[in-house]
Amino acid sequence: MFRAVSTPLAQKFITGAVATTGLGASYLLYQDSITANAMTAAEHGLHPPAYGWSHNGMFETFDHASIRRGFQVYRDVCAACHSLDRIAWRNLVGVSHTASEAKAFCEELEYDDEPDDEGAPRKRPGKLADYLPSPYENEQAARAANQGALPPDLSLIVKARHGACDYIFSLLTGYPDEPPAGVVLPPGSNYNPYFPGGSIAMGRVLFDELVEYEDGTPATTSQMAKDVTTFLNWAAEPEHDDRKKWGLKALIVTSSLYLVAIWVKRFKWQPIKNRKIRFDPPKK
Amino acid sequence: MSFIASLFQRNSIYVATIFGGAFAFQGFFDVAVTKWYENHNKGKLWHDVKGKFLDGGDEDEDDE
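Residues numbered from 1 in each chain as written. Chains lettered and ligands numbered in written order. Predicted model: local features only at pLDDT ≥ 70, side-chain atom pairs only at ≥ 80, totals over all residues. Heavy atoms only, no water.

Student: Would you mind going over the overall build of chain B with me for this structure?
Tutor: A count of helical and extended segments in chain B gives three helices and zero strands. The order of α-helices and β-strands along chain B, N terminus first, is α-α-α. With 64 residues in all, chain B has 23% of them scored as buried. Accessible area for chain B stands at about 4,900 Å²; split by element, carbon and sulfur atoms hold 61% of it. (Helix = DSSP H or I, 4+ residues; strand = E, 2+ residues; numbered from the N terminus. Buried < 20%, exposed > 50% of the residue type's maximum accessible area, 1.4 Å probe, protein only. Areas by Shrake-Rupley, 256 points an atom, 1.4 Å probe, with all protein chains shown as cover.)

Student: What is the right way to read the overall build of chain A from this model?
Tutor: Within chain A, the secondary structure is distributed over nine helices and four strands. Reading chain A from its N end, one meets helices and strands in the order α-α-α-α-β-β-α-α-α-β-β-α-α. Computed over its C-alpha atoms, the radius of gyration of chain A comes to 30 Å, more than 25% above the 19 Å expected for a compact globule of 284 residues. By principal-axis analysis of the C-alpha atoms, chain A measures approximately 115 × 60 × 45 Å. The buried share of chain A, taken over its 284 residues, is 33%. Within chain A, contacts between residues at least 6 apart in sequence are counted, and of these 62% link residues at least 24 apart. A total accessible area of about 18,500 Å² is found for chain A, and carbon and sulfur atoms account for 59% of it. (Rg over C-alpha atoms; globule rule 2.2 N^0.38 Å. Contact = heavy atoms within 4.5 Å.)

Student: Would you take a moment to explain helix α4 (residues 99-107) of chain A for this structure?
Tutor: Counting along an α-helix, one turn takes 3.6 residues, and residues three or four places apart therefore face a common direction. Residues and elements named next belong to chain A. When we look at burial in α4, the residues that qualify are Ala-99, Glu-101, Ala-102, Phe-105 and Cys-106. Angular distribution of buried residues about the axis of α4 spans 165°; they occupy a single face of the element. The inward-facing, buried residues of α4 abut α2 (64-76), α3 (89-92) and β2 (122-125). (Arc of directions from axis to C-beta.)

Student: Mind showing me how you'd approach α2(A) here?
Tutor: Between its first and last C-alpha atoms α2(A) spans 18 Å; for 13 residues at 1.5 Å apiece the expected length is 18 Å, and the two agree. Counted residue by residue, α2(A) has eleven buried out of 13 residues, so it is predominantly covered. For α2(A), the set of buried residues is A:His64, A:Ala65, A:Ser66, A:Ile67, A:Arg68, A:Arg69, A:Gly70, A:Phe71, A:Gln72, A:Val73 and A:Tyr74. Tucked into the core, α2(A) has its buried residues touching α3, α4, α8 (221-236) and α9 (240-274) of chain A together with α3 (46-53) of chain B. (Expected span 1.5 Å × (residues − 1).)

Student: I keep staring at the interface of chain A and chain B and nothing clicks. Help me out?
Tutor: Size of an interface: often given as the accessible area lost when the parts come together. Opposite the 28 residues of chain A that make contact, chain B presents 22 residues. Around 2,100 Å² of area is buried between chain A and chain B when both sides are counted, 64% of it from carbon and sulfur atoms. Counting every contact that joins chain A to chain B gives two salt bridges. Among the salt bridges present, the one from A:Lys249 reaches B:Asp30, with a minimum N-O distance of 2.3 Å. Across the chain A-chain B interface, the total number found is nine residue pairs in polar contact (both at pLDDT 80 or more). Counting residues per element, the ones that place at least two in the side of chain A that touches chain B are α2, α4 and α9 of chain A. Considering each element in turn, the side of chain A that touches chain B owes the most residues, seven residues, to α9(A). Grouping the constituent residues of the side of chain A that touches chain B by class yields nine nonpolar, nine polar and ten charged. (Buried area = accessible area lost by both parts, 1.4 Å probe. Salt bridge = Lys/Arg side-chain N within 4 Å of Asp/Glu carboxyl O. Polar contact = N/O pair within 3.5 Å; in protein donor to acceptor, adjacent residues only side chain to side chain. Nonpolar A, V, L, I, M, F, W, Y, C, P; charged D, E, K, R; others polar.)

Student: What is the right way to read the UniProt feature "transmembrane region" (unreviewed entry) in chain B from this model?
Tutor: As recorded in UniProt, the sites labelled "transmembrane region" (unreviewed entry) are residues 12-33 of chain B. Taken end to end, residues 12-33 of chain B comprises 100% helix and 0% strand; its first and last C-alpha atoms sit 31 Å apart. (UniProt positions renumbered as here; feature names shortened; annotations may be inferred.)

Student: Would you mind showing me how to read the packing of α2(A) against α8(A) here?
Tutor: How two helices sit against one another is set out by the angle between their axes and by the gap between those axes. Residue and element names in this part refer to chain A. Axis separation between α2 and α8 bottoms out at 7 Å; the angle between their running directions is 100°. The angle between the axes of α2 and α8 places the two elements in the roughly perpendicular class. Here α2 contributes Ser-66, Ile-67, Arg-69, Gly-70, Phe-71, Val-73 and Tyr-74 to the contact with α8, which in turn contributes Gln-223, Met-224, Lys-226, Asp-227, Val-228, Thr-230, Phe-231 and Trp-234. Looking at the contact of α2 with α8, its residues break down into eight nonpolar, four polar and three charged. (Axes fitted to C-alpha atoms, helices over the stretch in contact; angles between N-to-C directions. Parallel < 35°, antiparallel > 145°, perpendicular 65-115°, else oblique.)

Student: Honestly, the pattern of salt bridges in this entry has me stumped. Any pointers?
Tutor: Two side chains bearing opposite charge may form a pair once their charged atoms approach each other closely. Residue and element names in this part refer to chain A. According to the stated counting rule, one finds 15 salt bridges over all chains in the structure shown. Across the pair Arg-68 and Glu-214 runs a salt bridge whose closest N-O atoms are separated by 2.8 Å. One end of the pair, Arg-68, is in helix α2; the other, Glu-214, is in the loop between β4 (199-200) and α8, with 146 residues separating them in the sequence. The buried category is assigned to Arg-68, whose relative accessible area is 3%. In the salt-bridge network here, residues are joined through shared partners; they are Asp-63, Arg-69, Asp-215, Lys-226 and Asp-227.

Student: I would appreciate a short explanation of the side chain of A:Gln223 in the present structure.
Tutor: All names here are of chain A. Inspection of the secondary structure puts Gln-223 in helix α8. By relative accessible area, which is 19% here, Gln-223 ends up buried. In this view, Gln-223 contacts Arg-69, Tyr-213, Thr-217 and Pro-218; residues no more than four positions away in its chain are not counted.

Student: Whenever I open this one, the nonpolar core confuses me. Can you help?
Tutor: Across soluble globular proteins, nonpolar side chains show a tendency to be buried alongside one another. All names here are of chain A. If you look at the biggest cluster of nonpolar residues, it comprises 41 residues, and the most contacted ones within it are Val-73, Tyr-74, Leu-84, Trp-89, Phe-231, Leu-232 and Trp-234. Of all the elements in the fold, those that place two or more residues in this core are α2, α3, α4, α6 (157-160), α7 (164-173) and α8. It is α8 that contributes the most residues to this core, eight residues altogether. (Core = buried A, V, L, I, M, F, W, Y, C linked by side-chain atoms within 4.5 Å.)

Student: How should the packing of aromatic side chains be read in this particular structure?
Tutor: The geometry of an aromatic ring pair is captured by the separation of the ring centres together with the interplanar angle, meaning the angle of the planes. All names here are of chain A. Evaluation of the coordinates by the stated rule reveals twelve aromatic pairs over all chains. Clustering of aromatic rings is evident, with ring pairs tying together Phe-71, Tyr-74, Trp-89, Phe-105, Phe-231 and Trp-234. Its end group placed over the ring of Tyr-213, Arg-69 keeps NZ or CZ at 5.8 Å from the ring centre. One residue, Lys-249, lies across the ring of Trp-246, its end atom 4.1 Å from the ring centre. (Phe/Tyr/Trp six-rings, centres within 6.5 Å; stacked < 30°, edge-to-face > 60°. Lys NZ or Arg CZ within 6 Å of the ring centre and 35° of its normal.)

Following this line, the structure appears as structure tokens:
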């Protein structure tokens, strides 16, 4: 169909067209990157780098010591504003805490009990089956306390954001000391290049030595960010460790069955493929 | 008649062999995979790091 382009003029024309397209595209991308207007790269946030999480990989579980430290960070820092609705105290048992530790956590709290005989509301100490409490009664209270911004529930936040763990970690550690020149922020908001638009209501919350880890790990900003991100990834995917184990089993079984199927097919077809058919014409 | 061939003689024995074989294989396979998986992730699992956080005493814990 196509003949090879052989004339020197045509070759020059094609080279020129390719170079023009490449340079034009590069120029447009560069133009796009130096402003933060609507529908530009800056509006969608800086892409986080890919970090080497210890649970990356097909057969890698979470680092449970990190989950435990991350829960401590969540409880001491994040829980002041962010809820974690879908995690119950019982979920921590055997993952990051023992049953008695989890019971000690929830017994410190009060939950609604059934009303008494006169219908008056009552309170009771928490049980393992209770869910983690929200810092605010409802969305309106949360917005009123945060200048109109709603701190999102963190149960599924790792699944709910592009870049997942890398994004959460980059966001937590990515606050510069002051916004870059020329950036105008609405009152009460902070600059973070990883947050789409760059203007985020949450300020920097993690500072070195903010918490004291019980296993003696130095509580640097990045260590706390890594631990709380691992904890939030566990909260979003509590089935993670079992899922990968089942995946391994499924891979072994299905690939074995595949090999068996190939063997059976060859076994059954061998005589058919090897046979020779001889035709003896009838003798007249 | 060999032992293998005898399994195919009656349908009841044939089906029972498949069910029993699946049951036995599952137990063996699950133990083997779990053993490899926990060895592969040694040091990250809860029962590996538990001792680092608990100062003994809590050993009779009934957690899963």
